[in-house]
Amino acid sequence: MEARPLDALNRARDKKVIVELKNGKQYLGTLRAFDIHINVTLEDTEERAEGQVTRKLGVAFIRGDTIIMISPAQ
Amino acid sequence: MEARPLDALNRARDKKVIVELKNGKQYLGTLRAFDIHINVTLEDTEERAEGQVTRKLGVAFIRGDTIIMISPAQ
Amino acid sequence: MEARPLDALNRARDKKVIVELKNGKQYLGTLRAFDIHINVTLEDTEERAEGQVTRKLGVAFIRGDTIIMISPAQ
Amino acid sequence: MEARPLDALNRARDKKVIVELKNGKQYLGTLRAFDIHINVTLEDTEERAEGQVTRKLGVAFIRGDTIIMISPAQ
Amino acid sequence: MEARPLDALNRARDKKVIVELKNGKQYLGTLRAFDIHINVTLEDTEERAEGQVTRKLGVAFIRGDTIIMISPAQ
Amino acid sequence: MEARPLDALNRARDKKVIVELKNGKQYLGTLRAFDIHINVTLEDTEERAEGQVTRKLGVAFIRGDTIIMISPAQ
Amino acid sequence: MEARPLDALNRARDKKVIVELKNGKQYLGTLRAFDIHINVTLEDTEERAEGQVTRKLGVAFIRGDTIIMISPAQ
């Protein structure tokens, strides 16, 4: 059992994650870093909207207050 | 009688909960962790919209400021 | 006369209250706990929208920043 | 002359005030308490929308961040 | 030259100002007080919407986070 | 090279700047003061919407949290 | 491997970046400075909307809370 929600992000480090934003978009990439504001940095990032890849980005810094949910890709 | 609202989350730990988001979606999963910002981590998570399961996720980290309500599933 | 707004919540503890949310929904339940962020825990909770009961929940933890108003039920 | 905006609320204590909310509703009631977050407690509260009384409430605790304006009733 | 934006509000004290709100309304009144949150108190206040006076208020306490702009009336 | 974003505002002091707001409006004026919240004071201010001058204001105090972008006028 | 999300912005300093805003616009420019609020200063800035250049700006100070994502241009 884990004590803190950030432990889940810690275990996802260097793995593929889906980051879901308040504006309805998703970023899929490798989680390289996060902080207590839930600012995150992804690598090999794909932007998706409505199930379609809309853009390929290398590194993406995402501001925490725009994020709804982060989940390891399955 | 309990003194603090977070006590209710504490009693729900490792139980099924419904997390209701500001964007109208619901996440149903096992509550593994939460913090004072109400950031939560769920396991065996299902995303639902308008009563339908829209996605199955394993672990989901949900940012607290997107959450309206958390209730133990009945 | 009372000095602080939270005194009104304190007097409503263990009584039926209506919690009005920014998204237009209402929760009616027994106020068990609150904190300075106005996070609250209700028991025997009913969700209502436009005057209709839309869901029955047992315990509900409601995040303070989604709340407009709390009033003892009459 | 007064130094701080909260002085105006202090002078309105135990008097009828109109509280105007971000969602367009108004609460008319007797101002019993307020704090630095502009959380307020009213008594003998009427909710109004578009000039009509829509609900009568006894005590109402209103969360400060939903408030636009507070004015003594004339 | 002035060092801080609040100096402009200080020079406007006891003068007529226009306060422009995020909801599109304007309040025209005599600036009696303000604080670092830009909470303000006006006297002899007129509410305006789309160039028309919509309401006359005596004293109005306006919460800072609803304000876009404050300008001395010309 | 500069270390902090506010250095750019410091160099723009007493020069014409465009301030772009979240509500889509622009204010064009001489930057007299700013603080760490990005509250700003302009002089000889013009309000613009969709490329048209909609109002002339003398001094304008603009609350930082309504601002998207500030750029020296060219 | 990097420890903090801001490291990614640090490596992007003096390079071309895309800054994506909550209002749907993009700013493309050379990243000169940023701070912990993710306020940023760009130089040689182009504003884009829906894939089109809508404006050319020299220096642009962008307030952090309007930013969704920052990515080095490829």
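*Asks:* Is there a simple way to explain the interface of chain A and chain G in this structure?
*Replies:* The accessible area lost on association of the parts is a frequent measure of interface size. Counting residues at the interface gives 25 residues for chain A, matched by 23 residues for chain G. Of the roughly 1800 Å² buried between chain A and chain G on both sides combined, carbon and sulfur atoms contribute 55%. The largest per-residue losses of area from chain A upon contact with chain G belong to Val 59, Phe 61 and Arg 63 of chain A, which jointly make up 36% of the total buried on that side. At the junction of chain A with chain G, the criterion picks out three salt bridges. Glu 20 of chain G is the salt-bridge partner of Lys 25 of chain A, the closest N and O atoms lying 3.7 Å from each other. Run the count over chain A and chain G and you get eight residue pairs in polar contact (both at pLDDT 80 or more). Of all elements in the fold, only β2 (26-34), β3 (40-49), β4 (52-57) and β5 (60-62) of chain A reach the threshold of two or more residues within the side of chain A that touches chain G. Partitioned by chemical class, the residues of the side of chain A that touches chain G number 10 nonpolar, five polar and 10 charged.

*Asks:* Mind showing me how you'd approach the interface of chain A and chain B here?
*Replies:* If you look at the interface, chain A gives 23 residues, while chain B gives 25 residues. With both sides pooled, the region where chain A packs onto chain B buries about 1800 Å², and carbon together with sulfur makes up 55% of that total. In this structure, the connection of chain A to chain B is made through three salt bridges. Arg 55 of chain B is paired through a salt bridge with Glu 20 of chain A; the nearest N and O atoms lie 2.8 Å apart. Counting the contacts that link chain A with chain B gives eight residue pairs in polar contact (both at pLDDT 80 or more).

*Asks:* Help me understand the pattern of salt bridges in this model?
*Replies:* Any two side chains of opposite charge can pair if their charged atoms end up close together. In this structure the tally under the stated criterion is 77 salt bridges over all chains. A salt bridge links Arg 32 of chain C to Asp 14 of chain C, with the nearest nitrogen and oxygen atoms 2.6 Å apart. Taken together, the residues span a long stretch of sequence, with Arg 32 of chain C in strand β2 (residues 26-34) and Asp 14 of chain C in the loop between α1 (6-11) and β1 (16-21) at a distance of 18 residues. With a shortest N-O distance of 3.9 Å, Glu 47 of chain D and Lys 25 of chain D are connected by a salt bridge. Of the two residues, Glu 47 of chain D is situated in strand β3 (residues 40-49) and Lys 25 of chain D in the loop between β1 (16-21) and β2 (26-34); the sequence distance between them amounts to 22 residues. By relative accessible area, Glu 47 of chain D is classed as buried at 4%. Linked by salt bridges that have partners in common, Glu 20 of chain A together with Lys 25, Glu 47 and Arg 55 of chain B make up one network.

Conventions adopted
Residues numbered from 1 in each chain as written. Chains lettered and ligands numbered in written order. Predicted model: local features only at pLDDT ≥ 70, side-chain atom pairs only at ≥ 80, totals over all residues. Heavy atoms only, no water. Contact = heavy atoms within 4.5 Å. Buried area = accessible area lost by both parts, 1.4 Å probe. Salt bridge = Lys/Arg side-chain N within 4 Å of Asp/Glu carboxyl O. Polar contact = N/O pair within 3.5 Å; in protein donor to acceptor, adjacent residues only side chain to side chain. Helix = DSSP H or I, 4+ residues; strand = E, 2+ residues; numbered from the N terminus. Nonpolar A, V, L, I, M, F, W, Y, C, P; charged D, E, K, R; others polar. Buried < 20%, exposed > 50% of the residue type's maximum accessible area, 1.4 Å probe, protein only.

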